[in-house]
Amino acid sequence: MARGGRDRLLGFALGLLLALALAPRALRAKPTVRKERVVRPDSELGERPPEDNQSFQYDHEAFLGKEDSKTFDQLTSEESKERLGKIVDRIDSDGDSFVTTEELKTWIKRVQKRYIYDNVAKVWKDYDRDKDDKISWEEYKQATYGYYLEFQDTSDHHTFKKMLPRDERRFKAADLDGDQTATREEFTAFLHPEEFEHMKEIVVLETLEDIDKNGDGFVDQDEYIADMFSHEENGPEPDWVLSEREQFNEFRDLNKDGKLDKDEIRHWILPQDYDHAQAEARHLVYESDKDKDEKLTKEEILENWNMFVGSQATNYGEDLTKNHDEL
């Protein structure tokens, strides 16, 4: 994948969507540092940061998931190794006492998928107001936009005027049977469209609408950069911005017309030629495989425990071994 190492995961639209639901008067802030827009089939799992050579945070989040990775800062090294050993037993799906790249890849994909469904479960009750195990468009609209619709708060008029029809369009795309209500699977597609093939066009369209400030239906280089970086005092551009301009010219603008159309945006934010779970699994095996037999024993994993689960964050509060039973 050409120059893919500079792209990371974008938590596509969910942050704003939940902010609107939980704090209706919140406004979207203008970023002053680099913002990532590339989305991946594994949602939370983006591409390994090239500058992250000394930190195992990426590995922890890929191997455990963002939430579960936080619990290990509360553990001693011996407690971490004990829990890791139990997880390894689950990863070894054929019980041959070896963990292969394929088994690791399968595990990583399960961990990332669980994050998506756990997230939906956490917010479900906030929207399913009549407790019928479905969420209608009206329920979602009232939960998210009810304050604005009732009081017509002019301070947020532009934000809500833009987001309401956009959310309705996305809801309709996720509502496959067209009954104006979302099942759990349909609501998952609504909140995490990058995970569902039939929602990919919505992801591309919303990205275009976000970045295309002059409304010409394309993304030019300045719009591309402005989505990631804004000058606070018209100072010099950081080196990474200059690098991104080169990226735009060399790898994003495929037909070299100075702007990105929908197909080029799709190629940029939804790359099809790179499996991040596979790459991470290969990395973990390569870094831990002492005897170079291209598979890992439990001993090899525990010897390199810090890469898999070592201290990086805070508390999740549940026994990981119980959590992983659900996987």
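Everything quoted here is computed from the prediction, not taken from an experiment.

Conventions used here
All residue numbers refer to position in the chain's written sequence, counted from 1. Where local features are concerned, this predicted model is filtered to residues with pLDDT of at least 70; where side-chain atom pairs are given and counted, the filter is 80 or more; whole-chain, interface and lining totals use all residues. Heavy atoms throughout the structure, all of them, feed into the side-chain values; hydrogens and water do not. Note on ring pairs: Phe, Tyr and Trp rings are taken, using the six-membered ring of Trp, and paired if centres are within 6.5 Å. Classes follow the plane angle, with under 30 degrees stacked, over 60 edge-to-face and the rest tilted. Counting from the N terminus, the helices are DSSP H or I runs at least four residues long and the strands are E runs at least two residues long. Between buried and exposed lies partly exposed: a residue is buried under 20% and exposed over 50% of the maximum accessible area for its type, with that area taken using a 1.4 Å probe on protein chains only. Remark: a charge is flagged as sitting over a ring if the NZ atom of Lys or the CZ atom of Arg is within 6 Å of the ring centre and within 35 degrees of the ring normal. The span one expects for a helix is its residue count, reduced by one, times 1.5 Å. A residue's bend is simply the angle between two axes: one fitted to the seven residues ending at it, one to the seven starting at it. UniProt positions are given in the numbering used here, feature names are shortened, and annotations may be inferred rather than shown by experiment. Residue-level confidence of the predictor is what pLDDT reports, using numbers from 0 through 100. Should any heavy atoms of two residues lie within 4.5 Å, those residues are considered in contact. Pairs of N or O atoms within 3.5 Å make up the polar contacts considered here, provided that, within protein, one atom can donate a hydrogen while the other can accept it, and that residues adjacent in sequence are counted only when both atoms are side-chain atoms. Only buried residues count toward a nonpolar core. Its members are Ala, Val, Leu, Ile, Met, Phe, Trp, Tyr and Cys residues joined through side-chain atoms within 4.5 Å.

Any chance you could explain the packing of aromatic side chains here in plain terms?
Evaluation of the coordinates by the stated rule reveals 14 aromatic pairs. Ring centres of Tyr127 and Phe187 lie 5.5 Å apart, and the angle between their planes is 55°; this geometry places the pair in the tilted category. Of this pair, Tyr127 sits in helix H5 (residues 101-127) while Phe187 sits in helix H8 (residues 184-191), and the two are 60 residues apart along the sequence. The buried category is assigned to Phe187, whose relative accessible area is 0%. With a centroid separation of 5.7 Å and 35° between ring planes, the pair formed by Phe187 and Phe190 is classed as tilted. Here Phe187 pairs with Phe190, and both are found in helix H8, just three residues apart, close to one helical turn. Site record: aromatic cluster; members linked through ring pairs are Trp124, Tyr127, Trp137, Tyr140, Phe171, Phe187 and Phe190. Note that Arg184 overlies the ring of Trp124, its terminal NZ or CZ placed 4.3 Å from the centroid. The positively charged end of Lys259 is found above the aromatic ring belonging to Phe218, 4.1 Å away from the centroid.

Where do I start with H5 in this structure?
For an α-helix, 3.6 residues make a turn, and residues three or four places apart therefore share a direction. The end-to-end C-alpha distance of H5, which contains 27 residues, comes to 40 Å, matching closely the 39 Å that a straight helix rising 1.5 Å per residue would cover. Along H5, the sharpest kink reaches roughly 25°, centred on Ala121.

I tried to follow the environment of Asp210 on my own but got confused; where do I start?
With respect to the helices, strands and loops of the structure, Asp210 is situated in helix H9 (residues 200-211). Considering only alpha carbons, one finds Asp210 and Asp227, 17 residues apart in sequence, at a separation of 8.2 Å.

Is there a simple way to think about the UniProt feature "domain: EF-hand" (unreviewed entry) in the protein chain in this case?
In the UniProt entry, the feature "domain: EF-hand" (unreviewed entry) is given for residues 79-114, 115-150, 162-197 and 199-234. Along residues 79-114, the helical share is 75% and the strand share 0%, with 24 Å between the first and last C-alpha atoms. Annotated as residues 162-197, this span is 58% helix and 6% strand, and its ends, taken at the C-alpha atoms, are 25 Å apart.

Even after reading the chapter, I still don't get unusual backbone geometry, so can you show me in this structure?
Excluding glycine, residues mostly have negative phi values, and the peptide bonds linking residues are mostly trans. You will see that Ser97, though not glycine, has its phi angle at about 70°, which is positive. For Ser97, the location among the structural elements is in the loop between helix H4 (77-91) and H5.

Can you walk me through the confidence of the model for the protein chain in this structure?
Close inspection of predicted coordinates is inappropriate in any region flagged by low pLDDT. Looking at the protein chain as a whole, the pLDDT averages 78, with 69% of positions reaching at least 70. Segment residues 40-54 is flagged for pLDDT under 50; beyond a separation of four residues in sequence, or across chains, it makes 59 contacts in the model. Every residue in residues 311-327 is under pLDDT 50, and counting partners more than four places away or in other chains gives 49 contacts.

Explanation requested: the side chain of Arg166 in the structure shown.
As for its placement among the helices and strands, Arg166 is situated in helix H7 (residues 157-174). The exposure class assigned to Arg166 is buried, which follows from its relative accessible area of 7%. Only 2.8 Å separates the side chain of Arg166 from the side chain of Asp210, close enough to count as a polar contact.

Help me out: how do you make sense of the nonpolar core in this one?
Grouped burial of nonpolar side chains is what soluble globular proteins tend to show. In this structure, Tyr127, Ile135, Tyr140, Tyr145, Phe187, Phe190 and Leu191 are the most contacted members of the largest nonpolar core, which totals 22 residues. Core analysis: the second largest hydrophobic core is formed by 20 residues, Trp107, Ala281, Ile301 and Met307 among them.

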